[in-house]
Amino acid sequence: NATNDVTAFGTGVFGERKRFEAQAFDGMFRLFDETRGDGVVTFDNTTGTNLDVVSINKMFTDGSAVDAHANAQITYDYYQDTFGRNSVDDNGQILISAVHVGDNWNNASWNGRQMSYGDGDGIRFHPLAAGLDVAAHEMTHGVIQHTANLIYRNESGALNESFADIFGVMVDRDDWLIGEAIMADGTIGLRSMEDPTDLIERRTQAPYPDHWSRRYTGTLDNGGVHINSSINNKAAYLVSEGGEHFDVTVNGVGREKTEQIYYRALTLYLTRSSDFSMMREAAIQAAGDLYGSNSDAVAAVEQAYDAVGVY
Ligand SMILES: O=C(NO)[C@]12CC[C@H](CC1)C2
Ligand SMILES: [Zn+2]
């Protein structure tokens with residue numbers, strides 16, 4: 001209830017001081033924020049009993065817990081403020097984050113109910129909770145589950161991953177990279193939407209694809225869901241920022257229109273089995289709904305999907 005809500009403080013993985021809503025509880029404090037939907041709560045998985053992260057005073061010192069909690073709040077606010085969406089299910093579903101999951105686990109996940117973050121091994125990744133785009137990526141998997149629910153395999157799976165990246169970079173607004181804050185291996189990020197070929201994909205040891213003709217057609221990674229996502233990522237980047245790509249010129253329309261187009265396509269037009277061609281049509285339809293069928297936005301979408309070879 002409102003009387004227990006407090007403002008607490010903490011230091012993130014990289015030492016940044018943060019301030020966020022938490023709760024007073026039996027003379028202690030816990031990472032439970034009741035001001036957003038049905039709550040934003042952060043657990044320390046090492047306690048095993050799924051206990052909220054608690055502190056004897058208002059200063060939390062577990063960097064992963066502080067970052068996971070603050071990033072979940074930021075992502076909740078993004079969906080509320082940008083689209084009027086109340087959490088992953090648009091019905092205030094509690095946002096649960098578990099940190100210190102696994103043993104130096106180089107990954108993060110959404111399991112249908114909660115976000116989980118590994119500590120990373122310090123060679124490939126720093127603690128993954130430190131990445132705002134990672135939190136937004138994982139929470140977006142929750143939004144996808146409650147909307148188009150794209151099957152996590154082949155093209156629909158690549159769209160699932162692409163939407164998680166798209167809203168990951170829209171929340172973590174300052175670049176078009178995924179994971180730039182958490183790489184320990186000296187690379188600029190895990191994936192780049194601006195130029196996917198800037199980075200080598202680990203499973204194929206090939207640059208991420210930036211055109212349909214370069215798609216991965218094997219069976220690894222559920223049919224390349226984290227590989228072919230880069231084709232749609234490049235298209236979304238071009239819709240927003242524009243550019244010249246494979247001799248096609250795209251006149252971008254900016255992040256504000258791009259996020260509205262992709263959210264409307266995801267929530268109104270895509271279904272579980274949608275493929276890249278249906279993605280093109282859904283984005284054209286959404287852009288037309290929002291900005292007019294003869295708008296710059298519709299033109300940008302058509303140009304962008306032409307540029308990555310998706311018709
Ligand atoms: O793409 C992903 N999951 O589907 C990642 C991999 C590294 C970041 C955390 C989880 C993004
Ligand atoms: Zn993902």
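Structure shown above.
Here is what the cut-offs are and how they apply
- Residues numbered from 1 in each chain as written.
- Chains lettered and ligands numbered in written order.
- Predicted model: local features only at pLDDT ≥ 70, side-chain atom pairs only at ≥ 80, totals over all residues.
- Heavy atoms only, no water.
- Pairing = 2+ DSSP bridges.
- Helix = DSSP H or I, 4+ residues; strand = E, 2+ residues; numbered from the N terminus.
- Contact = heavy atoms within 4.5 Å.
- Axes fitted to C-alpha atoms, helices over the stretch in contact; angles between N-to-C directions.
- Near = heavy atom within 4 Å.
- Polar contact = N/O pair within 3.5 Å; in protein donor to acceptor, adjacent residues only side chain to side chain.
- Areas by Shrake-Rupley, 256 points an atom, 1.4 Å probe, with all protein chains shown as cover.

Please clarify how the sheet that holds strand β10 (residues 114-117) should be interpreted in this entry.
To summarise the sheet geometry, strands pair through backbone hydrogen bonds and adopt either a parallel or an antiparallel arrangement. Reading across from one edge, β4-β5-β8-β10-β9 is the order of the five strands in this open sheet, with mixed pairing throughout. Taken across any chain shown, the strands that pair with only one partner, and hence form the sheet edges, are β4 (32-33) and β9 (108-110). Taken together, the two bridges between β4 and strand β5 (residues 40-44) define a ladder with antiparallel strand orientation. When the sheet's bridge partners are listed, Asp-33 is paired in β5 with Val-40. With respect to the sheet, helix α2 (residues 132-145) is in contact with β8 (95-99), β9 and β10, its orientation differing from that of β9 by roughly 20 degrees.

Would you mind showing me how to read the site of ligand 1 here?
Taken together, Asn-107, Ala-108, Leu-128, Val-134, His-137, Glu-138, His-141, Tyr-152, Glu-161, Leu-190, Arg-191 and His-226 make up the full set of residues near ligand 1. Here an oxygen atom of ligand 1 sits 3.0 Å away from a polar atom, N or O, in the side chain of Glu-161. Interatomic distance of 2.8 Å between a side-chain N/O atom of Arg-191 and an oxygen atom of ligand 1. Relative to its free-state accessible area of 290 Å², ligand 1 is covered by the protein chains to the extent of 91%.

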